[in-house]
Amino acid sequence: MKYAIYQMDVMVADPSANRAKITKWIEAQMVQDNPDVLVLPEMWNTGYALDQLEEIADQNGEITIPFLSSMARDFQVNIIGGSIANQKAKGIYNTAYVFNRAGELIYEYDKMHLVPMLDEPIYLQGGERKGRVFALDGVKMGLAICYDLRFPELLRDLALQKAEVIHVVAQWPAARKDHWRYLLHARAIENQCFMMAANSSGSCNDTQFAGDSLVINPAGVLVEKGASETEATIKAAIDLEEVATMRKNIPVFDSRVPELYGE
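This text gives an overview of the structure that appears in the document. Note that the structure is predicted; figures quoted are calculated from it, not measured. (Residues numbered from 1 in each chain as written. Predicted model: local features only at pLDDT ≥ 70, side-chain atom pairs only at ≥ 80, totals over all residues. Heavy atoms only, no water.)

Moving on, we get to the pairing of strand β4 (residues 78–88). Counting buried positions along β4 gives 11 out of 11 residues, so the element sits mostly inside the fold. Here strand β2 (residues 37–39) runs beside β4; their pairing, made up of 3 bridges, is parallel. Bridge pairing in β4 links Leu 38 to Ile 79. As judged from the 2 bridges shared by strand β3 (residues 58–59) and β4, these two strands associate in the parallel manner. Note that in β4 the partner of Gln 59 across the bridge is Gln 87. Crossover connection from β3 via helix α3 (residues 64–75) to parallel β4: handedness right-handed. Note: β4 against strand β5 (residues 91–99), 8 bridges, orientation antiparallel. Looking at the pairing, Ile 84 lines up with Thr 95 of β5. The loop that links β4 with its antiparallel partner β5 comprises 2 residues. (Buried < 20%, exposed > 50% of the residue type's maximum accessible area, 1.4 Å probe, protein only. Helix = DSSP H or I, 4+ residues; strand = E, 2+ residues; numbered from the N terminus. Pairing = 2+ DSSP bridges. Right-handed = clockwise from strand over helix to strand, strands pointing away.)

Structure (structure tokens):
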């Protein structure tokens, strides 16, 4: 399965410019390599212009859904649509969308863990539904958004739902770059799955984003890595047989004793 991950320098508070950038990027990837899956980063429509979201956030995905759906359908490619600032009835959410090759919206997830260090709880609503597994080209997959990575319970639950690939879309800061790397490697090892991590480059206000988008295999080995803090495309071909092999050779899921674990 071939991937292209966009380590995007998001234009802050300019959704139209960001859609134009994504259109150009997708067109280029399909001409060059014809990947199976494209991955976008977190909050790509607005960036972290949190105090402007009331004016610039999407409204129930009414712009983003048809935009990404048409790109997926026209190019017959699966799209992990990163996440966007998205106004719903109860407030503004950090919402991820996933589309299959037919342009069908097959999964939607609202980020449940909000980042105190970036004031997300002041401006955003946390997601109220658990993460679940979806399938692209018959492969079971999961998705988490940035700060979610710090909560192993969420990603373990996706693995228990048989996820073979987990995507993490982010705007992770350079100040905590080591945490980003170590946590992604740990989640790959403990869940014996591929971790496909799309981080942003560039900056917003006083926050520089880390870049360092990563592809890590089920053994915790780095497969591909994006440049630090600059816009880039990360390309990788992953072999899903590695998941089955690792889970057979080290059967951690069979060895679990959940009745002895805490709440």
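For the rest of this paragraph, the subject is the nonpolar core. Of all hydrophobic cores here, the largest spans 48 residues; its most connected members are Ile 80, Leu 143, Leu 149, Val 165, Trp 180, Leu 184 and Met 195. The contact partners of Leu 149, leaving out residues within four places of it in the chain, are Leu 155, Val 168, Trp 172, Trp 180, Leu 183, Leu 184, Arg 187 and Met 195. In this structure, Met 8, Val 10, Ala 72 and Phe 99 belong to the second largest nonpolar core, which totals 20 residues. (Core = buried A, V, L, I, M, F, W, Y, C linked by side-chain atoms within 4.5 Å. Contact = heavy atoms within 4.5 Å.)

On to the pairing of strand β14 (residues 222–225), then. Across 3 bridges, the pairing between strand β13 (residues 214–216) and β14 is antiparallel. In the sheet register, Leu 214 faces β14, and the bridge partner there is Lys 225.

Let us look at a nonpolar patch on the surface. On the surface, a cluster of nonpolar side chains totalling about 310 Å² of accessible area is made up of Val 257, Leu 260 and Tyr 261. Looking at where Leu 260 falls in the secondary structure, it is placed in the segment after α8 (252–255). (Patch = residues over 30% accessible without salt bridge, like charges linked within 9 Å, V, L, I, M, F, W, Y side chains within 5 Å. Areas by Shrake-Rupley, 256 points an atom, 1.4 Å probe, with all protein chains shown as cover. Salt bridge = Lys/Arg side-chain N within 4 Å of Asp/Glu carboxyl O.)

A separate point is the environment of Asn 34. As for its placement among the helices and strands, Asn 34 is situated in the loop between α1 (15–32) and β2. In this structure the C-alpha to C-alpha distance between Asn 34 and Tyr 6, which are 28 residues apart in sequence, comes to 14 Å. Discounting residues that sit within four places of it in the chain, Asn 34 has contacts with Lys 2 and Gln 29.

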